[in-house]
Amino acid sequence: MQRYKAIIAYDGTDFFGYQVQPNKRTVQAELEAVLAKMHKGREVKVSASGRTDAGVHAKGQVIHFDSPLLIPDDKWVVALNSLLPDDLSILHVEKVSPSFHARYDAVGKEYRYRLLLSKKRDPFERKFSYRYPYALDLAAMRQASQYVVGQPLDFTSFCSAKTEVVDKVRTIETIDFLLDDDLLTLRFLGNGFLYNMVRILVGTLLEVGSGERSPEDMTAILAKKDRRFAGKTAPPQGLFLWKVFYEKYG
């Protein structure tokens with residue numbers, strides 16, 4: 001058996017998230033169905049660097065799977081893409097050590113959240129950004145972001161109350177604000193992210209930008225360790241899992 005690492009991309013609009021769910025279309029289910037077809041009905045399990053929710057996209061999700069098939073790496077890409085649907089693509093495949101694990105070996109991740117700052121609807125952006133037609137104080141948002149970067153912090157207030165993860169300490173190295181005309185991209189780089197963490201951070205930063213909160217409120221929200229004190233969860237369509245790091249990041 002050979003273990004393979006693959007980088008995949010998908011438009012999450014019509015998926016109920018990454019992880020397999022009964023009677024629902026998911027990224028994992030599509031991948032495993034195609035791999036089973038290539039292995040003449042034999043089940044092939046796929047492991048990912050992490051889950052993404054319904055409507056969330058990926059530019060650089062990483063998976064691994066084991067196979068006895070002797071196929072060159074580049075041929076795996078061609079074979080899988082010939083069977084997968086148009087909203088899910090294999091970008092790269094390579095042989096890795098049997099000990100490699102897409103989730104447990106990851107040392108960092110980059111997420112990006114896209115905001116369309118426009119009063120006009122854009123039909124070509126509606127699936128890939130969150131349209132926010134109100135005035136924003138970007139300076140205040142940048143100031144607020146500095147309260148949650150650069151050191152290990154307990155992000156209990158910024159993750160879904162439904163999460164089963166016990167240790168909620170994570171380190172966000174940077175939050176960048178990339179403005180291109182009316183498209184604002186928030187770039188999050190860190191050693192790991194909790195369930196809904198990026199979307200809740202975005203929702204809270206938007207409340208700072210709109211004047212509902214002050215930048216200094218971020219410290220108090222962290223201290224509460226209670227989801228109820230943070231802002232709303234931003235919609236899924238603006239979020240992309242951009243890259244997963246296995247050696248170093250930054």
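Because the structure is a prediction, the values reported are computed rather than measured.

Engineer: Give a description of the side chain of Arg 114 that names residues and reports values.
Structural biologist: Summarising the element assignment, Arg 114 is placed in strand β5 (residues 108–116). Arg 114 gets classed as buried once you look at its relative accessible area, which sits at 16%. Setting aside chain neighbours within four positions, we find Arg 114 in contact with Glu 125, Phe 128, Ser 129, Tyr 130, Leu 183, Leu 184, Thr 185, Gly 238 and Phe 240.

Engineer: Talk me through the pairing of strand β1 (residues 2–10); I want residue IDs and the actual numbers.
Structural biologist: Counting buried positions along β1 yields seven of nine residues, so the element is predominantly enclosed. Of the pairings in the sheet, the one linking β1 to strand β3 (residues 57–67) comprises eight bridges and is antiparallel in character. Each bridged residue has a counterpart across the sheet, and for Tyr 10 the counterpart in β3 is Ala 58.

Engineer: Can you break down the pattern of salt bridges residue by residue, with the values?
Structural biologist: Tallying each qualifying case throughout the model produces 14 salt bridges. With a shortest N-O distance of 2.6 Å, Arg 112 and Glu 110 are connected by a salt bridge. Comparing Arg 112 with Glu 110 shows no difference in burial state: the two are buried. Through salt bridges with shared partners, a single ionic network connects Glu 110, Arg 112, Asp 176 and Arg 187.

Engineer: Tell me what's going on with the packing of aromatic side chains, and back it up with residues and numbers.
Structural biologist: Evaluation of the coordinates by the stated rule reveals 10 aromatic pairs. Measuring from centroid to centroid gives 5.6 Å for Tyr 4 and Phe 65, while their planes differ by 25°, and the two rings are stacked. Here Tyr 4, found in strand β1, pairs with Phe 65, found in strand β3; they are 61 residues apart in sequence, far enough to count as distant. The two residues Tyr 4 and Phe 65 agree in class, both being buried. With a centroid separation of 6.2 Å and an interplanar angle of 65°, the aromatic rings of Phe 155 and Phe 158 are classed as edge-to-face. Within the aromatic cluster, the residues linked to one another by ring pairs are Tyr 4, Phe 65 and Trp 76. Here the guanidinium or amino end of Arg 25 rests over the ring plane of Phe 15, the centre of that ring lying 4.0 Å away.

Reading the values: rules and limits
- Note on numbering: residues in each chain are counted from 1, in written sequence order.
- For a predicted model such as this one, the threshold for reporting local features is a pLDDT of at least 70, and the threshold for listing and counting side-chain atom pairs is 80 or more; totals across whole chains, interfaces and linings nevertheless cover every residue.
- Note that the side-chain values use all heavy atoms of the structure and ignore hydrogens as well as water.
- Secondary structure elements are defined from DSSP: runs of H or I of at least 4 residues count as helices, runs of E of at least 2 residues count as strands, and each element is numbered from the N terminus.
- Burial classes: relative accessible area under 20% of the type maximum marks a residue as buried, over 50% as exposed, and values in between as partly exposed (1.4 Å probe, protein chains only).
- Any two residues whose heavy atoms approach within 4.5 Å at even a single point are treated as in contact.
- The criterion for strand pairing is that DSSP finds at least two bridges linking the strands in question.
- Salt bridges are defined by distance alone: a side-chain nitrogen of Lys or Arg within 4 Å of a carboxyl oxygen of Asp or Glu.
- In this analysis, rings of Phe, Tyr and Trp, with Trp reduced to its six-membered ring, are considered paired at centre separations within 6.5 Å, and the interplanar angle assigns stacked below 30 degrees, edge-to-face beyond 60, and tilted for intermediate values.
- Two limits define a charge over a ring: the Lys NZ or Arg CZ must be within 6 Å of the ring centre, and within 35 degrees of the ring normal.

Read these as layout, nothing more, since geometry by itself doesn't imply function.
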